[in-house]
Amino acid sequence: MKRKEFLGLGATALFGGAIARLVGQSRATGMSQISAQNVAEGKSEQTTAADVTLRIAPVALEIAPSRFISTIGYNGTSPGPVLRMREGKPVTVEVINDTDASELVHWHGLFIPAEVDGSEEEGTPMVPAGGRHRYQFTPRPAGTRWYHSHAMAGADLHRGTYTGQYGFLLVESGNDPGRFDQELFLALRDWEPFFTDQMENEAAEGGGLGRQLERPATLDTRPNGLEVTSQLFSINDKALGAGEPIRVRAGQRVLVHVLNASAIENRMIALSGHQFHVIAMDGNPVPSPKSVEVLMLGPGERIDAYVEMNQPGVWILGATDDMIRNAGMGVIVEYENQHRQPQWIAPSNPVWDYTAFGAGSGAARPAPDHTTDMVFEKIPSGAGQFNLWQVNGQPYPHDREFVLQSGARHRLIFRNRTDDAHPVHLHRHLFEVVDVDGKPTAGLMKDTVVVPLYGRVTVDLTADQPGLSLFHCHIQQHMDYGFKALFRYA
Ligand SMILES: [Cu+2]
C-alpha cells in the first residue's frame, strides 16, 4: 500500500470519529495567557521573582478522543501560554527544565542580544537538564512573535521543534490593535513525525509554482535520502472536529494570529466561505493590507488577519490539502444558532504571493552597500541516509562566518537550487523583501521567508544588531543537517 492510500484511510477514520462527537476540553481560543506586566509567577529560592516562568516538561495531548500524543510542552500545555510583553519594558523569564536533556528557548523575531536569543550557535547558554536558567531582555519590536525550542534534534524526532515546545509571544506597543470582537491564536502542527524516502507534493502546498529561476541546467539524479513527514495534524492541540468549535456571531470581526509551528512542512489554509484580510506578516504591518482566500506559511512564519464573519453557517477552517485537513489540520467555525454539518469548499484560487502585500517597486529604497549570494543545495544521500544541505558549497559550520558591517545596508540573494521550498530565518533582524522569483516589491518586513522550489528571493537589511546571528532553514531536519550559516559583525 502506498503511503498516501494508507494516510487516506487513517484520516477518514480519525475525521469520522471526531466529527461524531463535537465535545472537547479545550477551545481554540482557550490557551492560557501570561502578561509580563502584572504576573509575577514562579516565586522561588531566587530573590527576585521572574515576570514569566516557563517549565519544560513532558505532556500528553489528547488531540482527538482517546488519541494521545506524548511530547514535551511548556507549563503543562502545548502550545505554551500566550505571552504578552510590553515593547521596551525589560522582562525576566525563568525557564525550568524538567527533562533529561539540555534545552534552549528561542525568542523568534526579537531584536535581543545573542546571549539571550536562544541559539547555541550564537553562544546562548543551554538550560541544563533538570536545571534552570534566566533570560533577561527588553522585548522589541512590537508584533506577533513566538518562542520555541532551538535544540538540535538530528535523528531524534522527539527533540527540538518536533516537540510541543512552542507558544505565541505578543509584544505590544500600546497603540496596536484596531477594533475586533474576538482574538484567535491558531498554530498549525503535525505530530508523530517519521522518516520517509518519498517526496511531498510541493505544488500542493504552494511551494512549486514559481518561475524556477535557479533550476540547474542539469538536475542531480543521485537517489534521495530520508526526509521527515507526518500523518497526524492539528490546529493548536486538537485535530479537526475534536475540540470545541470556534463560536462566532454574524457581523463579528475576528482577529486571527496564525503560526506555522511545524518542524517539517509549509502549509496552505483557507476558511470556507470567508476571506482573510491580511494586516501583518511575521508580526510586521504590511504596506498593502489585502483580502485573500488562502494563507501560506512556512515553518516559523506568522500572519495576522481579520475575518469578517458575514456568512452564517458551520464552516471548516483548515489545510487546503484534503489529505492534511482530513488527517486533523482544521477547526470548525460555528455561527450562533447554526447546526448543520461543517462545510468545506475548496478555494477557487489557491495562490499565495508575498508581493501582493508589498508597496511599489522599491525605487525609493537605499541602494545596498554590500550584496551576498547564498546558494542552497542538497546532496542527496541515498536510501537510509540523511540528505546533506549546503550554503555556498558547504554545510554548517563554514570556515568563516558571513560578515555584516555595522550600520550598512546588506542585500542577501537566496538562490534555492533544490527541489524543495525552504522557509529561511535570520535571527535578531528583520529584512525587507526586495524580490520574489523576479517580481520586485517593497516595504514587506519579515524574519522568515519561503524561498520557492528552484526559486530566488532577495532581501535587504540594515545591520544594526551587533553580535552573532544565526541564519537557517526552519525545517528542523534541513537545519540539523547543514542548512545553517552564522553571521558576525566586522
Ligand atoms: Cu529547508
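Look up a bit, the structure's there.
The model shown is predicted, which means the values in this text are computed figures rather than measured ones.

With that out of the way, let us pick up the overall build of the protein. Summing up its helical and strand segments, the protein has four helices and 33 strands in all. The buried share among the 490 residues of the protein stands at 59%. Accessible area of the protein: about 18300 Å², with a carbon and sulfur share of 50%.

With that settled, the discussion passes to the coordination of the copper ion. Only His 422 (ND1), Cys 473 (SG) and His 478 (ND1) from the protein coordinate the copper ion, and they sit 2.0 to 2.1 Å from it. All donors to the copper ion come from one chain, and their sequence spacing reads H-x50-C-x4-H. The two residues Cys 473 and His 478 agree in class, both being buried.

Any two aromatic rings considered together are summarised by their centre-to-centre distance and by the angle between their planes. Per the counting criterion, the structure on display carries 17 aromatic pairs. A ring pair is formed by Tyr 74 and Tyr 147, whose centres lie 5.2 Å apart and whose planes are at 35°; its orientation type is tilted. Of the two residues, Tyr 74 is situated in strand E3 (residues 67-74) and Tyr 147 in strand E8 (residues 143-149); the sequence distance between them amounts to 73 residues. Comparing Tyr 74 with Tyr 147 shows no difference in burial state: the two are buried. Between the aromatic rings of Phe 471 and Phe 487, the centroid separation amounts to 6.4 Å while the plane-to-plane angle is 75°, which identifies the pairing as edge-to-face. Of this pair, Phe 471 sits in strand E32 (residues 469-473) while Phe 487 sits in strand E33 (residues 484-489); the two residues are 16 residues apart in sequence, bridging distant segments of the chain. Within the aromatic cluster, the residues linked to one another by ring pairs are Phe 376, Trp 389, Phe 402, Phe 414, Phe 431, Phe 471, Phe 483 and Phe 487. Over the face of the ring belonging to Trp 344 we find Arg 325, whose NZ or CZ atom lies 3.8 Å from the ring centre.

Moving on, we come to unusual backbone geometry. Of note, the amide linkage connecting Ser 78 to Pro 79 takes the cis form, showing an omega dihedral of 0°. Looking at where Pro 79 falls in the secondary structure, it is placed in the loop between E3 and strand E4 (82-86). Cis rather than trans, the peptide bond between Arg 140 and Pro 141 has omega equal to 0°. With respect to the helices and strands, Pro 141 occurs in the loop between strand E7 (132-137) and E8. The phi dihedral of Asp 282 falls on the positive side, at around 50°, and the residue is not glycine. Note on placement: Asp 282 falls in the loop between strand E17 (276-281) and strand E18 (284-292). In this structure Asp 282 comes out as buried when scored by relative accessible area, which is 0%. The backbone phi angle of Tyr 454 is positive, close to 50°, even though this residue is not glycine.

Sheet architecture is open: six strands sit in the order E24-E23-E26-E31-E28-E29, paired in mixed fashion. The outermost strands of the open sheet, each flanked by one partner alone, are strand E24 (388-391) and strand E29 (439-446). Sheet twist, expressed as the average angle between the axes of neighbouring strands with direction ignored, equals 20°. Across four bridges, strand E28 (residues 431-436) lies against strand E31 (residues 456-462) in antiparallel orientation. Within the sheet, the bridge partner assigned to Glu 432 lies in E31 and is Asp 460.

Among the nonpolar cores identified, the biggest contains 69 residues, and Leu 295, Trp 352, Met 374, Phe 414 and Phe 471 are the most heavily contacted of them. Residues within four places of Met 374 in sequence aside, it is in contact with Val 391, Asn 392, Phe 402, Leu 412, Ile 413, Phe 414, Arg 415, Phe 471, Ala 485 and Phe 487. Judged by nonpolar contacts, the second largest core, of 23 residues, contains Leu 83, Met 85, Leu 104 and Tyr 135.

Counted according to the given criterion, the structure contains 30 salt bridges. For Asp 373, the salt bridge is made with Arg 415, and the minimal N-O distance between the two is 2.6 Å. In this pair, Asp 373 is assigned in strand E23 (residues 370-379) and Arg 415 in strand E26 (residues 409-416), connecting sequence segments 42 residues apart. Note on Asp 373: relative accessible area 33%, which makes it partly exposed. Beyond isolated ion pairs, a larger network of salt bridges with shared partners links Glu 214, Asp 373, Arg 415, Arg 417 and Arg 456.

On to the sheet that holds E33. The mixed open sheet is built from five strands, whose spatial order is E25-E33-E32-E27-E30. The open sheet has two edge strands with one neighbour each: strand E25 (402-404) and strand E30 (448-451). Sheet twist, expressed as the average angle between the axes of neighbouring strands with direction ignored, equals 25°. Note: E32 against E33, four bridges, orientation antiparallel. Across the sheet, Ser 469 pairs through a bridge with Phe 487, a residue of E33.

Let us now look at the side chain of Arg 189. If you trace the backbone, Arg 189 turns up in strand E10 (residues 182-191). Summary of buried charges: Arg 189 has no salt-bridge partner, and the nearest side chain of opposite charge, Asp 190, is 4.7 Å away. Within the structure, the side chain of Arg 189 is placed 3.4 Å from the backbone oxygen of Thr 161, a separation counted as a polar contact.

Analysis parameters
- Residues numbered from 1 in each chain as written.
- Predicted model: local features only at pLDDT ≥ 70, side-chain atom pairs only at ≥ 80, totals over all residues.
- Heavy atoms only, no water.
- Helix = DSSP H or I, 4+ residues; strand = E, 2+ residues; numbered from the N terminus.
- Buried < 20%, exposed > 50% of the residue type's maximum accessible area, 1.4 Å probe, protein only.
- Areas by Shrake-Rupley, 256 points an atom, 1.4 Å probe, with all protein chains shown as cover.
- Donors = N, O, S within 2.8 Å, 3.2 Å for Na, K, Ca; no water.
- Phe/Tyr/Trp six-rings, centres within 6.5 Å; stacked < 30°, edge-to-face > 60°.
- Lys NZ or Arg CZ within 6 Å of the ring centre and 35° of its normal.
- Pairing = 2+ DSSP bridges.
- Axes fitted to C-alpha atoms, helices over the stretch in contact; angles between N-to-C directions.
- Core = buried A, V, L, I, M, F, W, Y, C linked by side-chain atoms within 4.5 Å.
- Contact = heavy atoms within 4.5 Å.
- Salt bridge = Lys/Arg side-chain N within 4 Å of Asp/Glu carboxyl O.
- Lys, Arg positive; Asp, Glu negative; His and termini not counted.
- Polar contact = N/O pair within 3.5 Å; in protein donor to acceptor, adjacent residues only side chain to side chain.

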